[in-house]
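A closer look at the structure
Residue strings, one per chain:
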Amino acid sequence: MSLEIEIKFSLNGRQTRLKVSPTMTTLAMLREKLDLTGGKLACGEGECGACTVLVDGHTINSCLMFAVDCDGRELQTIEGLATDAGLEIVQQAFVDHGAIQCGYCMPGMIMQARYLLDHNPDKGRKMTRDDIARGLEGNVCRCSGYTKVVDAVAAVVLEESPS
Amino acid sequence: MNIENYEVPVSIVEAVQSLQHGDATILAGGTDLTPQTTSGAKEFLRTLINIQHIEEMRGISVDDGRYRIGGLTTVTDILESALLAAEVPVLVDAADHFASSQIRNAASLAGNICNASPAGDMIIPLLLLDAEVELAGWIDGTLSMRSIALIDFFTGPGKTAMQGNELLTSIVFAAPVEGFRAEFLKSGPRPALEISMVSMGVAAVQKEGVLSNVRVAIGAVAPTPIRARATEAVLEGQLLDESLVDEAAAAAGREVSPIDDVRASAWYRSHLTGVYIRRLLNVVGN
Ligand SMILES: Cc1cc2nc3c(=O)[nH]c(=O)nc-3n(C[C@H](O)[C@H](O)[C@H](O)COP(=O)(O)OP(=O)(O)OC[C@H]3O[C@@H](n4cnc5c(N)ncnc54)[C@H](O)[C@@H]3O)c2cc1C
Ligand code: FES
Ligand code: FES
């Protein structure tokens, strides 16, 4: 028998416990063991951001994170964003601005956008379109609809902190 | 090899005890380890040691003129450090040129150093600061610490002076002297997520046009990141004028030994070396 490690962590607010192999990635665990297929495997090398999830409040590429390292942490995936009341504000903005094409990159793009909005690098100043583009530079969209993505995030900036 | 044990030490002492037989793979942020093990470039050893829970290996502090950065400090922590932005901005600048937000959130400083890539971005500013790394081991039943100059740490691409039973715990350097100006440049065809074709840092104190404390560090142009000592000697104590810049550019060209690879040709890397030293001297000498 090959080694399996039991881990416990909070997943979208719910305590989760399961066994994983020490070499399994967090993305594989989410998709194959927990059936959360929002995050996508595209490059598998940290280059594209399609697998982006929040770990302890920071976005990471889940294709690079070892699943065993989730133990004791708090994970949030795209599946945890919407509530019974409806879509989360960033999700809704992407819909409203037609920012979504095939959708493959979107779960990662939206998680990174949410992180960016919560971690404005220059806190005193409202984010510009350049700041948004810079903050999303680790997310590649093969349909290359970047303009509308930036439109959507810029709209949320206004909505969340009207001047 | 199949991993037979998985360990999660919470202190340096615990970690080095797990490491004492030298047949363990250390896991930090995993941003180098995952691609390298997936591609088969690197094999796992018998034990996997996840060091992420060693809190004493995190954080940035200064005490009596010596800075200490814990090995697990992430590139994001460096980018967001008000202390470093005020006192050692070249480190923040290099962090700002590093990969993407997601990678910076995971990537540790020790991981960047231990991966020993000739193109490791955080290494260049640390070489300008004459940094040392602290290594912990477990010898004869006790914790044993040693420190070594960062420049002596690298012995080849992916190779270091660290033993298999050692852990890189922190990076230390003296506060820069009054007037010390350090600048960093990195090249790649796109701004983000780029492994450097050439990276360079130049630092000096400039007084009435004369340079002192000159340090030049270059990445991705040799089997390890280098300090360009002959170029430094050309510049040290001299009045910075056009002919000195030419001389320094020529010296730097002789000190690098770049290769052709998928990212750039050796010729282009040599050319960039000349361009960068001119640009950086222009900034540092002003
Ligand atoms: C898409 C992408 C983009 C990247 N862009 C850049 C870039 O712009 N610039 C750049 O410099 N790098 C870049 N990298 C490389 C990588 O992110 C960095 O080298 C990172 O700092 C490694 O840190 P880590 O914590 O993820 O290390 P890990 O992957 O966990 O470990 C790296 C190696 O160091 C060893 N190790 C880790 N910590 C210790 C320790 N404390 N003591 C002893 N050994 C240790 C591990 O065993 C392993 O061999 C990039 C990587 C990817 C995937
Ligand atoms: S699949 Fe993880 S970054 Fe591309
Ligand atoms: S919408 Fe198709 S990849 Fe981005």
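Residues numbered from 1 in each chain as written. Chains lettered and ligands numbered in written order. Predicted model: local features only at pLDDT ≥ 70, side-chain atom pairs only at ≥ 80, totals over all residues. Heavy atoms only, no water.

**Description of the packing of aromatic side chains**
Basically, it comes down to this: The criterion for an aromatic pair is that two Phe, Tyr or Trp rings (for Trp, the six-membered ring) have centres within 6.5 Å, with stacked assigned to planes under 30 degrees apart, edge-to-face to planes over 60 apart and tilted to the rest. Criterion for a charge above a ring: Arg CZ or Lys NZ at most 6 Å from the ring centre, at most 35 degrees from the ring normal.
Considering all chains together, one arrives at four aromatic pairs over all chains under this definition. Between the aromatic rings of B:F153 and B:F154, the centroid separation amounts to 5.5 Å while the plane-to-plane angle is 85 degrees, which identifies the pairing as edge-to-face. Note that A:K40 overlies the ring of A:Y104, its terminal NZ or CZ placed 5.8 Å from the centroid.

**A word on the domain arrangement of chain A**
Residue and element names in this part refer to chain A. Defined as follows: Here the limits of each domain have been adopted from an automatic or database domain assignment. Between two residues, a contact is recorded if the distance between any of their heavy atoms is within 4.5 Å. Throughout, the accessible surface (probe 1.4 Å) given up by two parts as they are put together, summed over both, is called the buried area. Polar contact criterion, stated in full: a pair of N or O atoms within 3.5 Å, where within protein one must be able to donate a hydrogen and the other to accept it, and residues adjacent in sequence count only if both atoms are side-chain atoms. Here a strand is any run of E in DSSP of at least two residues, a helix any run of H or I of at least four, and the numbering for each starts at the N terminus. Under this grouping Gly is polar, as are all residues other than the nonpolar Ala, Val, Leu, Ile, Met, Phe, Trp, Tyr, Cys and Pro and the charged Asp, Glu, Lys and Arg.
The assigned domain composition of chain A is domain 1 (5–80) and domain 2 (89–160). Spacing between the C-alpha centres of domain 1 and domain 2 amounts to 21 Å. Of the residues lining the interface, 17 residues belong to domain 1; the matching set on domain 2 comes to 12 residues. For the pair domain 1 and domain 2, the summed buried area comes to about 1200 Å², and 61% of that belongs to carbon and sulfur atoms. Where domain 1 packs against domain 2, one counts seven residue pairs in polar contact (both at pLDDT 80 or more). When residues of the side of domain 1 that touches domain 2 are traced back to their parent elements, those giving at least two are β3 (52–55) and β4 (58–61). Partitioned by chemical class, the residues of the side of domain 1 that touches domain 2 number six nonpolar, nine polar and two charged.

**So, the site of ligand 1**
Heads up, the condition is: Consider each residue's heavy atoms; a residue with any of them within 4 Å of a molecule or strand counts as near.
Taken together, 34 residues form the shell around ligand 1, and within it B:I26, B:T31, B:D32, B:S108 and B:D121 come nearest. The environment around ligand 1 is built from residues contributed by chains A and B. The separation between an oxygen atom of ligand 1 and a polar side-chain atom of B:K186 is 3.0 Å. Secondary structure elements with two or more residues in the shell around ligand 1: α6 (101–106), α7 (109–114) and β10 (167–174) of chain B. Among the elements that make up the shell around ligand 1, the one with the highest residue count is α7(B) (four residues). In the shell around ligand 1, the residues fall into 18 nonpolar, nine polar and seven charged.

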